[in-house]
Amino acid sequence: MNSGVIVLSIGFLTFGAAIIYYAGSKQDELDFAVQPVEYNHSKHVALGIDCSSCHTGATDGTHAGIPSTSTCALCHKIDRDFPSTPPQLARYIKGGEEIPWIQLHKAPRHIYFSHQRHVKLGKLDCAVCHGDVKTMEKPFGKSYFPSGLTGMNKCVACHLKEKVTTDCLSCHR
Ligand code: HEC
Ligand code: HEC
Ligand code: HEC
Ligand code: HEC
Ligand code: HEC
């Protein structure tokens, strides 16, 4: 191999790596910049607030729910310095508007999934399905249950392991 080819291929490798790197950072941006407020789970969970105080349906309901602006306003008083309220959040609190959170975990309409069933009766910790939320410093970027059959496999794999029904009609209603 002559040196020209080597230089060329190194150049190509660097170019390739740059594209991969660029694509990677683009992905991260998309993963994290989607939510209207840069919510930080780890800061709030560290205060000792229980998951279910904000996601009120997670233990006793079908849907966990995402808290409304009034829940945030319990602590984030816009006329006080502490806790600091970033402008993106203050805007919604001042206007009495709901924050248009993008819900990422969303089963299709024909699927029946109940939080109460899994959390209360199944005694499953949130982390089993949602990961280590306690340490998350940025809003959710993606769902643990991707759409289509890949998402279904996650449900069925656990049902097989826990010896729970895998009858199609128990989930597809
Ligand atoms: C129980 C009180 C409490 C509630 C309820 C609460 N927060 Fe906070 N929040 C805090 C405290 C305390 C801080 C930390 C302030 C600091 O470190 O300067 C904070 C910080 C923040 C920050 C800044 C994070 C950062 O990285 O500095 C954002 C954004 C925020 N909260 C959004 C929200 C939203 C959105 C809600 C409602 C879904 C909410 N908070 C509900 C107490 C609360
Ligand atoms: C067995 C897996 C599993 C467990 C355990 C679980 N979740 Fe979920 N979670 C899901 C699925 C699946 C969805 C999407 C459900 C839908 O679209 O109806 C979801 C959706 C959510 C959402 C989006 C809002 C909503 O109303 O659907 C929140 C918030 C949430 N879960 C919080 C929690 C919390 C907090 C816990 C623990 C108390 C928990 N989850 C335990 C699987 C789980
Ligand atoms: C102070 C309120 C608050 C507390 C406490 C809290 N969350 Fe959240 N959670 C939110 C807000 C606001 C969002 C929407 C923004 C985001 O995705 O980070 C959210 C989003 C989520 C979602 C993704 C919803 C979706 O599908 O887009 C899950 C899952 C979740 N939280 C689980 C948990 C778990 C598990 C805990 C306890 C370890 C917890 N949360 C504690 C406010 C809270
Ligand atoms: C434990 C629950 C569960 C069981 C049991 C189950 N499914 Fe599913 N299935 C799901 C979920 C959840 C999805 C949707 C995943 C998504 O799109 O987020 C799905 C999606 C599908 C899809 C893809 C449709 C689409 O929207 O992309 C087909 C096809 C399907 N299931 C067929 C079956 C058949 C056939 C059986 C029985 C052999 C079965 N499922 C049993 C939970 C289940
Ligand atoms: C980590 C394990 C786990 C995952 C993941 C999981 N499940 Fe389950 N599921 C259970 C357990 C355990 C039970 C039984 C709870 C009880 O009643 O004791 C259950 C029960 C159910 C039932 C009631 C079944 C019946 O007997 O009628 C339905 C419906 C269901 N799950 C749907 C789903 C769907 C849809 C998904 C995926 C979106 C899912 N589950 C993901 C563990 C899981």
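Note that this is a predicted model, so its numbers are computed, not measured. (Residues numbered from 1 in each chain as written. Chains lettered and ligands numbered in written order. Predicted model: local features only at pLDDT ≥ 70, side-chain atom pairs only at ≥ 80, totals over all residues.)

K.L.:
How would you summarise the overall build of the chain if you had to cite specific residues and measurements?
P.N.:
For the chain, the helix and strand inventory stands at nine helices and zero strands. Order of helices (α) and strands (β) in the chain, N terminus to C terminus: α-α-α-α-α-α-α-α-α. Counting the 173 residues in the chain, one finds 5% classified as buried. In the chain, of all internal contacts separated by at least 6 residues, the share reaching a separation of at least 24 is 61%. (Helix = DSSP H or I, 4+ residues; strand = E, 2+ residues; numbered from the N terminus. Buried ≥ 20, exposed ≤ 12 C-beta atoms within 10 Å, placed from the backbone. Contact = placed C-beta atoms within 7 Å.)

K.L.:
Go over the site of ligand 3, please, and point to the residues and values.
P.N.:
Within the structure, ligand 3 sits among 22 residues, and Cys 51, Cys 54, His 105, Cys 126 and Pro 139 are positioned closest to it. Mapped by element, the contributors of at least two residues to the shell around ligand 3 are α2 (41-45), α3 (51-54) and α7 (126-130). Each residue belonging to the shell around ligand 3 can be placed in one class, and the counts come to 13 nonpolar, eight polar and one charged. (Near = placed C-beta within 6 Å. Nonpolar A, V, L, I, M, F, W, Y, C, P; charged D, E, K, R; others polar.)

K.L.:
Got a sec to walk through the site of ligand 5? Specific residues and values, please.
P.N.:
Within the structure, ligand 5 sits among 21 residues, and Leu 121, Gly 122, Cys 155, Cys 158 and Glu 162 are positioned closest to it. Residue assignment for the shell around ligand 5 shows that the elements contributing at least two residues are α6 (115-121), α7, α8 (149-161) and α9 (168-171). Among the elements that line the shell around ligand 5, the one with the most residues is α8, at four residues. Classifying every residue of the shell around ligand 5 gives 13 nonpolar, five polar and three charged.

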